[in-house]
Every structure is written in structure tokens, then in C-alpha cells.
2 protein chains.
Amino acid sequence: MTEKSISRAVIKRLPRYYRYLGELMENGIVRISSMELSERMKVTASQIRQDFNNFGGFGQQGYGYNVEYLYKEIGMILGLESTHNVIIIGAGNVGRALANYSDFNKRGFVFTAIFDNNPKLWEENIGSCKVQPVDMLEEYVREHKVEIAALTLPKESAPQVAAKLVNLGVKAIWNFAPTDLNLPEDVLVENVHLAESLMRLSFRIKESGI
Amino acid sequence: MTEKSISRAVIKRLPRYYRYLGELMENGIVRISSMELSERMKVTASQIRQDFNNFGGFGQQGYGYNVEYLYKEIGMILGLESTHNVIIIGAGNVGRALANYSDFNKRGFVFTAIFDNNPKLWEENIGSCKVQPVDMLEEYVREHKVEIAALTLPKESAPQVAAKLVNLGVKAIWNFAPTDLNLPEDVLVENVHLAESLMRLSFRIKESGI
């Protein structure tokens with residue numbers, strides 16, 4: 001169903017559609033017109049139709065969209081019908097925030113282990129995980145199915161840990177370290193660069209002359 | 001110097017250029033050709049020239065770029081030559097991570113106050129801030145210069161707090177709550193939606209058939 005040709009812009013919007021549809025379901029809304037969806041999401045109705053046409057389209061002329069059906073279909077496209085095991089490397093504040101955040105779990109992301117170099121943190125429970133030494137990483141990854149590794153550690157140690165994970169066969173990195181990881185092309189890296197996000201805001205503040 | 005016409009894509013790349021140039025400076029590199037910069041950043045040399053031409057261009061044919069000069073100029077464009085006062089609403093893990101993260105401070109973002117509804121956290125020091133009750137927010141914003149408010153609270157309370165901040169004159173919101181805030185058009189909102197980032201990764205995992 002999914003095609004290689006799906007543009008980055010569409011991929012960026014899909015989770016947002018998914019979130020909105022989830023909110024509509026929570027509010028008991030069963031169906032929605034593309035016009036209403038467009039108004040709520042501040043995306044044009046034609047853009048929405050175009051986006052959904054990438055996946056065969058889900059609407060029915062005159063009826064609009066069935067919210068639950070659309071939610072499930074987009075969930076499938078996003079790969080949320082199966083669970084994803086995630087390990088966290090770095091038990092600082094960001095690592096803790098991820099491990100404690102129940103919303104991820106609801107969407108099928110299961111945090112299975114958390115690693116840190118600080119002996120004071122070993123054996124501490126964070127969310128449903130016990131903190132383990134980073135030295136245990138290799139053994140852990142060999143013995144468990146790890147789909148995603150979240151790197152929540154300083155930029156100095158991130159490249160080395162990332163390379164190690166890739167050597168162990170991990171194919172998807174969720175990178176919070178403020179550096180770009182140079183990894184083989186078949187490794188998927190999703191960056192969350194908080195400082196860059198803040199700088200964009202600063203740029204827009206300056207630009208708008210606030 | 002900055003123009004309204006700068007595209008989102010360029011704005012997105014600027015902080016990345018800035019980060020790279022900072023790393024080059026840390027490594028004692030004084031000048032760099034657009035080709036080298038291009039290789040390191042994995043952006044084409046022509047893209048880099050085009051991006052910089054938005055701001056008058058900084059390179060010299062045959063010399064390349066002076067790293068420190070370029071770093072400072074891009075810093076100016078990003079509004080980093082002056083400090084920005086930031087308050088945090090929500091002293092959970094994400095709020096703590098922001099308040100404790102020294103990199104922001106280096107770039108002129110000063111976290112001046114942190115607010116939370118939980119009385120157990122009041123008076124606790126996080127980074128350089130003491131946690132205050134959310135009820136104190138109004139008084140605080142009236143008496144201090146607040147440029148940016150970081151919302152690190154649940155999606156249920158975020159819209160209400162955001163509206164209050166906007167009423168008090170705050171014009172820039174750094175939103176970590178997993179919801180879109182419907183605020184007046186002149187309010188700048190920069191969203192960090194972690195769940196969406198993770199879903200994009202999940203999409204790419206599925207798409208690539210890992």
C-alpha cells in the first residue's frame with residue numbers, strides 16, 4: 001500500500017491527521033466532511049484529498065470520512081498496528097521523559113530498556129524499565145528484539161553509541177543528541193534537535209519584529 | 001536584512017548551518033570552502049550558496065567562507081545576538097530537561113522561571129529557577145519581560161494556559177503539548193510534537209521494510 005514516492009511533506013502531515021482523528025474519536029465524532037477536517041486542521045480540503053489519494057483515498061463523495069476507519073487506516077500506514085520495541089540510551093531528563101510518557105505506549109511504542117553510564121542510576125526504575133549500564137547494551141541488543149534506539153545522551157558520546165548500535169543491527173535511531181549522526185544509508189535516523197527548534201522561534205521573533 | 005520572503009525550508013536549515021559552524025570553530029577550523037561545507041552537511045554546494053544569497057551571501061570566490069564570520073552572521077540572522085527570556089510552564093521531565101540544558105543558555109536563551117500546579121514541587125530549584133505555582137504566572141508576566149513561554153504540560157491544560165499567556169502579551173510559544181494551539185495569527189508557535197516524530201520513524205520503518 002505504501003509507496004517509496006510518498007513525499008516528506010505528506011509523511012510530516014500523516015501523524016498530525018492521526019492525532020486529530022484520535023481527538024475526534026475521543027469527542028465521539030463518527031464522521032467528518034473534508035471541509036470540516038480542513039477547517040480544524042488548517043490544511044486545504046484539496047490538500048487533504050491529495051494526501052489521502054497517495055494511499056488510495058478514503059473518502060466517499062457526499063458522506064465525507066468515517067473517523068474511526070480513517071484513524072485505523074492512517075495508523076496502519078504509519079505502522080502503528082504492530083508494537084515497536086524501543087530502548088533508550090541516556091537516563092537524563094529527556095530519557096526519563098520518554099520512558100515516562102504513556103502516550104507512546106498507547107500507540108504501540110514499548111520502552112523495553114534504558115541504559116546509562118552513571119552507576120548511581122543503575123537499578124533505578126524509570127517508567128517500566130530498570131536502568132542498566134551502557135556496557136550491557138551489546139548483550140541486550142543481541143538477546144532482544146530492538147527496533148528503535150532513542151539516543152538521549154550528550155553529543156560527544158552519541159556518534160560512538162550510534163555506530164555500535166548499527167553494528168549490532170539496529171536500523172532506526174531516534175536522535176536527541178544535538179549532532180548529526182553519519183550512519184550508513186539504510187539506517188533510519190529521526191532527529192529531534194531542540195536547540196534548532198528554539199533558534200527557529202528566535203528567528204521568527206526577530207523577523208516579525210516583536 | 002531579513003525578509004518576509006525567506007522560505008520555511010531555509011529557516012529550517014539555518015540553525016543547522018549555525019550548529020555546524022560552531023562545531024568547526026570548536027575544532028579550530030578558520031575557513032571552509034562551500035564544497036567542504038556541502039560534504040559535511042550533506043546539502044549541495046549550490047543549495048548552500050542559494051541559502052546564503054537570501055541574506056546577501058557571505059562567501060568570497062576562491063576563498064570560501066570565514067567560519068567565525070559566517071557563524072556570527074547567521075547568529076545575527078537567527079536573533080541570537082540578544083538574549084531571550086524564556087519561562088517554562090510544567091515542571092515535569094520535559095520542563096526539567098529544558099531548564100537544565102546548558103546549551104540553550106550558551107545561545108542566549110535564559111530560563112527565568114518555571115511554573116507548576118503541583119505544590120510538592122514549589123520552591124524546588126530546577127536549573128537556575130525556583131518552581132512557582134501557576135497562579136503566579138499572571139503576576140510574573142506583568143512584572144518581567146517574557147519573550148518565550150515553553151509549554152511542557154498535558155494537552156488538556158495547554159490551550160487554556162496558552163490563551164492566558166497570549167492575553168498577557170506573550171508573543172512566542174514553544175509548545176511541547178501534543179495538541180495544536182489555536183492562537184491569534186500574530187502569535188508565533190513552534191511545536192515540538194514528540195509522538196509525531198516517533199510515528200514518522202515508524203512510518204519509515206514500515207516503508208523501508210526493515
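First things first, this report covers the structure right here in the doc. Just so it is clear, the structure is predicted and the values come from calculations on it, not from any experiment. (Residues numbered from 1 in each chain as written. Chains lettered and ligands numbered in written order. Predicted model: local features only at pLDDT ≥ 70, side-chain atom pairs only at ≥ 80, totals over all residues. Heavy atoms only, no water.)

**Considering the overall build of chain A**
Across its full length, chain A holds nine helices and nine strands. Taken along its principal axes, the extent of the C-alpha atoms in chain A is 60 × 45 × 35 Å. For chain A, the proportion of its 210 residues judged to be buried stands at 54%. By element, 47% of the accessible surface of chain A is carried by carbon and sulfur atoms, the whole surface being about 10100 Å². Between the averaged position of the 24 positive side-chain charges in chain A and that of its 25 negative side-chain charges there is a distance of 5 Å. (Helix = DSSP H or I, 4+ residues; strand = E, 2+ residues; numbered from the N terminus. Buried < 20%, exposed > 50% of the residue type's maximum accessible area, 1.4 Å probe, protein only. Areas by Shrake-Rupley, 256 points an atom, 1.4 Å probe, with all protein chains shown as cover. Lys, Arg positive; Asp, Glu negative; His and termini not counted. Charge placed at Lys NZ, Arg CZ, Asp CG, Glu CD.)

**So, the sheet that holds strand E4 (residues 109–116) of chain A**
The strand order across the open sheet formed by seven strands is E5-E6-E4-E3-E7-E8-E9 (chain A), and the pairing between neighbours is mixed. For this open sheet the edge positions go to strand E5 (125–126) and strand E9 (188–191) of chain A, each flanked by a neighbour on one side alone. Inspection of the sheet shows strand E7 (residues 148–151) of chain A paired to strand E8 (residues 172–175) of chain A by four bridges, in the parallel sense. Looking across to E8 of chain A, one finds that Leu151 of chain A is bridged to Asn175 of chain A. Most of the contacts of helix H5 (residues 93–100) of chain A go to E4 of chain A, to which it runs at about 150 degrees, and overall it touches strand E3 (84–89), E4, E5, E7 and E8 of chain A. Across the sheet, helix H9 (residues 194–208) of chain B lies against E3, E4, E7, E8 and E9 of chain A, angled at about 165 degrees from E9 of chain A, the strand it touches most. (Pairing = 2+ DSSP bridges. Contact = heavy atoms within 4.5 Å. Axes fitted to C-alpha atoms, helices over the stretch in contact; angles between N-to-C directions.)

**As for the packing of helix H9 (residues 194–208) of chain A against helix H1 (residues 8–26) of chain B**
Two elements in contact, H9 of chain A and H1 of chain B, have axes whose closest approach is 9 Å; the angle formed by their N-to-C orientations is 120 degrees. Relative to H1 of chain B, the element H9 of chain A lies oblique. Crossing of H9 of chain A over H1 of chain B shows right-handed handedness. Only Arg8, Ile11, Lys12, Leu14, Pro15, Arg16, Tyr18 and Arg19 of chain B of H1 of chain B make contact with H9 of chain A, whose side of the interface consists of Glu196, Met199, Arg200, Phe203 and Arg204 of chain A. (Parallel < 35°, antiparallel > 145°, perpendicular 65-115°, else oblique. Left-handed = near helix turned anticlockwise from the far one by under 90°.)

**What about H9 of chain A?**
Residue and element names in this part refer to chain A. End to end, H9 covers 21 Å across 15 residues, agreeing with the expected 21 Å (1.5 Å per residue, within 8%). Of all the 15 residues making up H9, 13 are buried; the element is thus mostly covered by neighbouring parts of the structure. Count one or two residues on from H9 and you reach Gly209, which has phi positive near 65 degrees. (Expected span 1.5 Å × (residues − 1).)

**Quick notes on the side chain of Ser202 of chain B**
Tracing the sequence through the fold places Ser202 of chain B in helix H9. Here Ser202 of chain B is in contact with Leu78, Gly79, Leu80, His84 and Phe109 of chain A, once residues within four sequence places are set aside.

**Some remarks on the pairing of E7 of chain A**
Of the two faces of E7 of chain A, the one lined by Ile148 and Ala150 of chain A and the one lined by Ala149 and Leu151 of chain A are each fully buried. Traced from E7 of chain A through helix H8 (residues 158–167) of chain A to E8 of chain A, the parallel crossover comes out right-handed. (Right-handed = clockwise from strand over helix to strand, strands pointing away.)

**Describing the pattern of salt bridges**
Following the criterion strictly, the structure yields 26 salt bridges over all chains and no others. Its salt-bridge partner being Glu190 of chain B, residue Arg200 of chain A comes within 3.2 Å of it at the nearest N-O pair. Taken together, the positions of Arg200 of chain A in helix H9 and Glu190 of chain B in strand E9 (residues 188–191) put the pair across two chains. Take Arg200 of chain A: its relative accessible area is 14%, and that puts it in the buried class. The salt bridge partner of Glu68 of chain B is Lys72 of chain B, with a shortest N-O separation of 3.2 Å. Here the residue Glu68 of chain B and the residue Lys72 of chain B both occupy positions in helix H4 (residues 67–77), the gap between them amounting to four residues, near one helical turn. Among the charged side chains, a salt-bridge network with shared partners connects Arg16 and Arg19 of chain A together with Asp180 and Glu196 of chain B. (Salt bridge = Lys/Arg side-chain N within 4 Å of Asp/Glu carboxyl O.)

**A word on the packing of aromatic side chains**
Residues and elements named next belong to chain A. Using the criterion set out here, one finds 16 aromatic pairs over all chains in the structure. For the ring pair Phe104 and Trp174, a centre distance of 5.7 Å and an interplane angle of 85 degrees mean the geometry is edge-to-face. Placement of Phe104 in helix H6 (residues 102–106) and of Trp174 in strand E8 is noted, with a sequence separation of 70 residues between them. Under the relative-accessibility criterion, Phe104 is labelled buried at 1%. (Phe/Tyr/Trp six-rings, centres within 6.5 Å; stacked < 30°, edge-to-face > 60°.)

**What about the relation of the copies chain A and chain B?**
Expressed as a screw transformation, the operator carrying chain A onto chain B has a rotation angle of 180 degrees and an axial translation of 0.0 Å, and the superposed copies differ by an RMSD of 0.0 Å. Each copy turns onto its partner about a two-fold axis. Judged by C-alpha distance, Asn93 of chain A is the residue of chain A that lies nearest the rotation axis, at 2.8 Å. (Least-squares fit on C-alpha atoms with pLDDT ≥ 70 in both.)

**Quick word on the environment of Lys12 of chain A**
By the secondary structure assignment, Lys12 of chain A is in helix H1 (residues 8–26). For Lys12 of chain A and Leu78 of chain A, which are 66 residues apart along the polypeptide, the C-alpha to C-alpha distance reads 11 Å. Those residues in contact with Lys12 of chain A that lie beyond four places of it in its chain are Lys12, Glu196 and Arg200 of chain B.

**Focus: empty space enclosed by the protein**
Counting across every chain of the model gives two cavities of 30 Å³ or more. Here the largest cavity defines a volume of roughly 70 Å³. Taken together, Val94, Ala97, Leu98, Phe176, Val192 and Leu194 of chain A together with Val94, Ala97, Leu98, Phe176, Val192 and Leu194 of chain B make up the lining of the largest cavity. Secondary-structure elements contributing two or more residues to the lining of the largest cavity are H5 of chain A together with helix H5 (93–100) of chain B. The wall of the second largest cavity is formed by Arg19 and Arg107 of chain A together with Pro178, His193, Leu194, Ala195, Glu196 and Met199 of chain B. Of all the elements, H9 of chain B adds the most residues to the lining of the second largest cavity, at four residues. Residues of the lining of the second largest cavity, tallied by class, amount to four nonpolar, one polar and three charged. (1 Å grid on protein atoms, 1.4 Å probe; cavity = no way out; pocket = protein on both sides within 12 Å on 5 of 7 lines; lining within 4 Å. Points joined across faces, edges and corners; volume = space filled by probe spheres on them. Nonpolar A, V, L, I, M, F, W, Y, C, P; charged D, E, K, R; others polar.)

**What about helix H3 (residues 45–53) of chain B?**
All names here are of chain B. Turning to H3, its buried residues number three or more, namely Ala45, Ile48, Asp51 and Phe52. Across the axial projection of H3, the buried residues extend over an arc of 125 degrees, all falling on one side. Exposed side of H3, more than 90 degrees from the buried face: Gln50 and Asn53 are the residues found there. Residues of H3 that are buried make contact with H1, helix H2 (34–41), strand E2 (65–66) and H4. (Arc of directions from axis to C-beta.)

So, to be careful, I would describe these as geometric facts and stop short of saying anything about function.
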